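Commentary on secondary and tertiary structure
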Amino acid sequence: MYRIVRKEILNPQVKLLEIEAPYVARKAEPGQFIILRVNKEGERVPFTIADFDREKGTVTIIFQEVGATTQLLGQLNEGDEVEDFCGPLGVASHFEGVKKAAVIGGGLGTAIAYPQAKKLHSMGVSVDAITGFRNKDLIILEKEMAAVSDRLIITTDDGSNGTKGFVSDILKKLLVEGANYDVVIAIGPPIMMKVVCDVTRPYGIKTIVSLNPIMVDGTGMCGGCRVTVGGQIKFACVDGPDFDGHEVDFTELMRRLSMYKDSEKASVERHKCRLEGVVNG
Amino acid sequence: MANMSLKKVPIPEQDPKVRSKNFDEVALGYTEEMAVEEAKRCLNCKHKPCVSGCPVNVQIPEFISLIADGRFEEAYEKIIETNSLPAVCGRVCPQETQCEEKCVRGIKGEPVGIGRLERFAADWAMSNTKRTYKKVSKNGKKVAIVGSGPAGLSCAGDLIKMGYDVTIFEAFHLAGGVLVYGIPEFRLPKSLVQKEIETLLEQGVEIKTNMVIGKVLTIDEIFEEGYSAVFIGSGAGLPSFMHIPGENLNGVYSANEFLTRINLMKAYKEDAETPVMRGRSVAVIGGGNVAMDAARCALRLGADNVYIVYRRSEAEMPARLEEIHHAKEEGIIFKLLTNPTKILGDDKGWVKGMECVEMELGEPDASGRRRPIAKSGSEHVVDVDTVIIAIGTSPNPLIRSTTPDLATNKWGCIIADEQTGRTSKEGVFAGGDAVTGSATVILAMGAGKKAAKAIDEYIKSKN
Ligand SMILES: Cc1cc2nc3c(=O)[nH]c(=O)nc-3n(C[C@H](O)[C@H](O)[C@H](O)COP(=O)(O)OP(=O)(O)OC[C@H]3O[C@@H](n4cnc5c(N)ncnc54)[C@H](O)[C@@H]3O)c2cc1C
Ligand SMILES: Cc1cc2nc3c(=O)[nH]c(=O)nc-3n(C[C@H](O)[C@H](O)[C@H](O)COP(=O)(O)OP(=O)(O)OC[C@H]3O[C@@H](n4cnc5c(N)ncnc54)[C@H](O)[C@@H]3O)c2cc1C
Ligand code: FES
């Protein structure tokens, strides 16, 4: 069992949990992830390591409530425990030789991009961070991102924070204005990553994306997480999750992510019934 | 007086029509009377040919004559002198190519039902006796075991009895290896595997789950934690794909993924959190136990048609005879001498069919089996919405890629001495599928036992 030592609500759908997992904390690196199960019947679900504290022996995850498991996780409080917490999994990000980087987070992707920005910043790399949200109420990690970047641009789809547009629009503007980067890191919904890759391609800027296919074990034993990169099958859990975005087949990724739509809906309904059952009697 | 019937005493089984809709165990096991009657078919041969067919040398005629005498507990004790997982082996060993193949009664008629009797003795002991353990004095040395499949479990079982502190590191959230994630409930009830694992826990073995060695700790870091030796029993869990067009369509699974969702994550239960696709028409590619298990699971999830698509003929199928027989009884359709060339998708990217060619057998290949060759012009499409690929697995690279001084062969298998499990790295032993590639439960168990003995000798030699 793994104890929750801190909980924060970052916006109505996004929560942060700091969890005691000393073995994982000792080895964790930016770019890696964990797989947890909330309880004995739970599904195995992956989350990026948003932060870690080797001395305290804790690992932080930031997640969005999108379905049954994440909603269940969202109900846990400080002092509660999760059943399983396995990691660190996946390959750590490598940034050797990078001097100037753009780190782009789309929505919740900001939480996944944050540890990478932090690492780059600590290596002395100049970081432009661009984060985007649907509206100003959904903005997360503003302070944290500002602390690890030389320049932070936050944009909203509806312009409610004063800047309107998608993260890809902002990046394009910067590039047109003459910004140049050794690497662009783009993390967010697949469609956003795809569009960012389309923006950087003509400039020949290396673009790293973090892929989030459906996973089971996270150790390379099921192949459920397979993605096509440069025409070859890769297992995102062991070969990634970071890949060269210009090589990724995003259409396939999006299609595979929708494989269990119907049973996911049923699962949320079931949980709702149970919760309401508890409340009503 | 020996029972001279040419046939084994039949084992009660669930009716195929009923069992193809549930996940309960297929074979129900002998009653005491049936076991005694079958045991009396054994001629108690002096030269014991059957024992030479058993990879761990179970004293077969001895335990069978104890059953014939109604001394069931002693029969069980006799088996576990050499086999620590009899309830498992009695159910899943390929007896027809091991002990029973050598049985004299098999020359004319059916061999003695050694597997069924082994299972009987184990099940009888489980429900009628309480296991007690001799108190062993601890020797203060720690041994680490990577992986909790049959190899790791049997190695742990022997080392704990020798007085070592034993810690098993398991990547999954649950111990048992293929016994819990691969082999389905209807063939090997999970409660039984759980009992075997509890036996180890009661004796003091520590199991640390969620520990992916190579990631959370390397082999060298395990030594830094004060362990005197490490046994690697990490299995052969990396699934092979066919590299044909359409393999990434929605509805294509590796057998590992399909079976893990069903067995480990319990996706066959209506209210399970983990989903699995319930196909209407399912093709399983391959001819081994894994393929049979996947096909029979798909059927139980409600498929109308389930095909086994295998490129050679039935004679070359590596699956246990009993599984092939059970699969046919349940209505699985065997498409033999057939090889898939392409998986077809609809405009939304879901599987809608599979293109295959017919094969014929040519000259024997390196494996001694006749090589299948495609017949030209035999292309045809099979109507399926789910495809499960069960063409084999190889060892996962996580450990070898983080342990540079551990020698492996070109298939990624760890190179280890057959008698001792000793590897190229000092203090590191290995056995089971991680060394041999996919093999059997009994071979993995045997390797774990041999390594336990060698580890004991190694540690003593260091003092
Ligand atoms: C490497 C990796 C890192 C991730 N990091 C984060 C993170 O830091 N924060 C965060 O909020 N989310 C993250 N995700 C996504 C997160 O795992 C899913 O949101 C979660 O599994 C949804 O589960 P659910 O039961 O709540 O929703 P469901 O209703 O079951 O599913 C909602 C959607 O989530 C996806 N999903 C479902 N099951 C899985 C699964 N087993 N593995 C992966 N995706 C799945 C599917 O696209 C699905 O349509 C990450 C995914 C991966 C693969
Ligand atoms: C579906 C199926 C059906 C089968 N049917 C039969 C049958 O009927 N009869 C028969 O004799 N054999 C059968 N087999 C084969 C048999 O199950 C295997 O040969 C046997 O389980 C091998 O045992 P093992 O201990 O070497 O490995 P496994 O049982 O594979 O166990 C290895 C364990 O190590 C863990 N592990 C892997 N990597 C790491 C790591 N890096 N760190 C920590 N832990 C790790 C795995 O999670 C797993 O729990 C079947 C196999 C399958 C897949
Ligand atoms: S999640 Fe199973 S192989 Fe990647």
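Residues numbered from 1 in each chain as written. Chains lettered and ligands numbered in written order. Predicted model: local features only at pLDDT ≥ 70, side-chain atom pairs only at ≥ 80, totals over all residues. Heavy atoms only, no water.

Here's the deal with the overall build of chain B
- Of regular secondary structure, chain B possesses 16 helices and 16 strands.
- The dimensions of chain B, computed from C-alpha atoms along their principal axes, are 70 × 60 × 50 Å.
- Counting the 463 residues in chain B, one finds 58% classified as buried.
- The long-range share in chain B, meaning contacts at least 24 apart out of those at least 6 apart in sequence, stands at 68%. (Helix = DSSP H or I, 4+ residues; strand = E, 2+ residues; numbered from the N terminus. Buried < 20%, exposed > 50% of the residue type's maximum accessible area, 1.4 Å probe, protein only. Contact = heavy atoms within 4.5 Å.)

Some details on the site of ligand 1
All names here are of chain A.
- The immediate surroundings of ligand 1 are formed by 23 residues, with Pro46, Ile62, Gln64, Thr70 and Met215 found nearest.
- Isoleucine 62 places a main-chain nitrogen or oxygen 2.9 Å from a nitrogen atom of ligand 1.
- Contact between ligand 1 and glycine 67: an oxygen atom at 3.2 Å from a main-chain N or O atom of the residue.
- Against a free-state accessible area of 860 Å², the protein chains account for coverage of 89% of ligand 1.
- Elements with a minimum of two residues in the shell around ligand 1: strand S4 (45-48), strand S6 (58-64) and helix H2 (68-75).
- Here the shell around ligand 1 is composed, by residue class, of 14 nonpolar, six polar and three charged. (Near = heavy atom within 4 Å. Polar contact = N/O pair within 3.5 Å; in protein donor to acceptor, adjacent residues only side chain to side chain. Areas by Shrake-Rupley, 256 points an atom, 1.4 Å probe, with all protein chains shown as cover. Nonpolar A, V, L, I, M, F, W, Y, C, P; charged D, E, K, R; others polar.)

Here we look at the pairing of strand S3 (residues 33-37) of chain A
Residue and element names in this part refer to chain A.
- The element S3 is largely enclosed, with a buried count of five among its five residues.
- Where burial is concerned, the two faces of S3 agree: the one with Phe33, Ile35 and Arg37 and the one with Ile34 and Leu36 are both buried.
- Across four bridges, the pairing between S3 and strand S8 (residues 84-89) is antiparallel. Residue pairing for S8: arginine 37 is matched across the bridge by aspartate 84. (Pairing = 2+ DSSP bridges.)

Side note on helix H6 (residues 190-200) of chain A
- Buried within H6 of chain A are the following residues: Pro190, Met192, Met193, Val196, Cys197, Val199 and Thr200 of chain A.
- At its buried positions, H6 of chain A is contacted by strand S9 (100-106), helix H5 (167-176), strand S12 (183-187), strand S13 (206-210) and helix H8 (250-257) of chain A.

Focus: the nonpolar core
- Ranked by internal contacts, the top residues of the largest apolar core, which has 79 residues, are Ile60, Phe63, Ile67, Leu117, Leu159 and Ile455 of chain B.
- Ranked by the residues each element gives to this core, the list is headed by helix H16 (residues 441-462) of chain B, at ten residues.
- Those residues in contact with leucine 159 of chain B that lie beyond four places of it in its chain are Val143, Ile145, Tyr164, Val166, Ala452 and Ile455 of chain B.
- Membership of the second largest hydrophobic core comes to 55 residues, among which are Leu174 and Cys237 of chain A together with Val351 and Val387 of chain B. (Core = buried A, V, L, I, M, F, W, Y, C linked by side-chain atoms within 4.5 Å.)

Overview of the confidence of the model for chain B
- With 100% of its residues at a pLDDT of at least 70, chain B reaches an overall mean of 95.
- Of the two predicted TM-score estimates for the complex, the pTM is 0.94 and the ipTM is 0.92. (pLDDT = per-residue confidence, 0-100.)

Section: the interface of chain B and chain A
- Contact with chain B, which involves 45 residues of that partner, is made by 46 residues of chain A.
- Surface buried jointly by chain B and chain A totals about 3600 Å² across both partners, of which 52% is contributed by carbon and sulfur atoms.
- Broken down residue by residue, the surface that chain B buries against chain A is led by Lys215, Asn248 and Glu273 of chain B, which jointly contribute 22%.
- Across the contact surface, chain B and chain A share two salt bridges.
- Where glutamate 225 of chain B meets arginine 26 of chain A, a salt bridge forms, and the shortest distance between an N and an O atom there is 3.0 Å. (Buried area = accessible area lost by both parts, 1.4 Å probe. Salt bridge = Lys/Arg side-chain N within 4 Å of Asp/Glu carboxyl O.)

What to know about the sheet that holds strand S6 (residues 252-254) of chain B
Residues and elements named next belong to chain B.
- Pairing in this open sheet of five strands is parallel, and the strands run S6-S14-S7-S8-S9 from one edge to the other. Looking at the sheet topology across the chains shown, the edges are occupied by S6 and strand S9 (333-335). Strand-to-strand twist of the sheet, defined as the mean angle between neighbouring strand axes without regard to direction, takes the value 20 degrees.
- With three bridges joining them, strand S8 (residues 305-309) and S9 adopt parallel strand pairing. Across the sheet, tyrosine 307 pairs through a bridge with isoleucine 333, a residue of S9.
- Here helix H13 (residues 289-300) sits on the sheet and contacts strand S7 (281-285), S8, S9 and strand S14 (386-389); the angle it forms with S8, its principal contact strand, is near 170 degrees. (Axes fitted to C-alpha atoms, helices over the stretch in contact; angles between N-to-C directions.)

What to know about unusual backbone geometry
- A cis amide bond links glycine 87 of chain A to the next residue, proline 88 of chain A, at an omega of -5 degrees.
- Residue placement: proline 88 of chain A occurs in strand S8.
- The omega torsion of the bond from glycine 240 of chain A to proline 241 of chain A falls at 10 degrees, within 30 degrees of zero and hence cis.
- Following the sequence through the fold, proline 241 of chain A ends up in the loop between helix H7 (236-239) and strand S16 (242-244).
- Despite not being glycine, asparagine 57 of chain B has its phi angle at roughly 55 degrees, a positive value.
- Summarising the element assignment, asparagine 57 of chain B is placed in the loop between helix H3 (49-52) and helix H4 (60-68).
- Owing to a relative accessible area of 40%, asparagine 57 of chain B belongs among the partly exposed residues under this scheme.

Quick notes on helix H2 (residues 32-39) of chain B
Residue and element names in this part refer to chain B.
- Residues of H2 that are buried include every one of Ala35, Val36, Glu38 and Ala39, and no others. Down the axis, H2 shows its buried residues gathered within 165 degrees of arc, on one side only.
- Of the surrounding elements, those touching the buried residues of H2 are H4, helix H5 (72-80) and helix H7 (114-128). (Arc of directions from axis to C-beta.)

Here we look at the site of ligand 2
Residue and element names in this part refer to chain B.
- As a matter of local geometry, ligand 2 sits amid 35 residues, with Val92, Ala151, Glu170, Ile213 and Asp433 nearest to it.
- Contact distances for ligand 2 include 2.5 Å between a nitrogen atom and a backbone N or O atom of valine 92.
- Measuring from an oxygen atom of ligand 2, one finds a backbone N or O atom of alanine 151 at 2.9 Å.
- Starting from 1000 Å² of accessible surface for ligand 2 in isolation, the protein chains cover 94%.
- Those elements giving two or more residues to the shell around ligand 2 turn out to be helix H8 (150-161), H13 and H16.
- Counting residues per element, the shell around ligand 2 draws most heavily on H13, at three residues.
- Its residues assigned to classes, the shell around ligand 2 comprises 19 nonpolar, eleven polar and five charged.

Quick notes on the sheet that holds S3 of chain A
Residues and elements named next belong to chain A.
- Taken together, the three strands give an open sheet; going across it, the order is S4-S3-S8, and neighbouring strands pair in antiparallel fashion. Two strands close off the open sheet at either side, each with one partner strand: S4 and S8. The average angle at which neighbouring strand axes cross in this sheet is 25 degrees, direction not considered.

Things to note about the packing of H4 of chain B against H7 of chain B
Residues and elements named next belong to chain B.
- The geometry of H4 relative to H7 is characterised by a closest axis approach of 11 Å and an angle of 60 degrees between their N-to-C directions. Relative to H7, the element H4 lies oblique. Relative to H7, H4 is oriented so that their crossing is left-handed. Across from Ile60, Phe63, Ile64 and Ile67 in H4, the residues of H7 making contact are Ile114, Leu117, Glu118, Phe120 and Ala121. (Parallel < 35°, antiparallel > 145°, perpendicular 65-115°, else oblique. Left-handed = near helix turned anticlockwise from the far one by under 90°.)

With respect to the pairing of strand S10 (residues 126-133) of chain A
Residues and elements named next belong to chain A.
- Within S10, seven of the eight residues are buried, leaving the element largely enclosed by the surrounding structure.
- As judged from the seven bridges shared by S9 and S10, these two strands associate in the parallel manner. Paired with valine 103 across the bridge in S10 is alanine 129.
- By the bridge criterion, six bridges tie S10 to strand S11 (residues 151-156) in an arrangement that is parallel. What sits directly across from threonine 131, in S11, is isoleucine 154.
- Taken together, S10, helix H4 (residues 142-147) and S11 form a β-α-β motif whose crossover is right-handed. (Right-handed = clockwise from strand over helix to strand, strands pointing away.)

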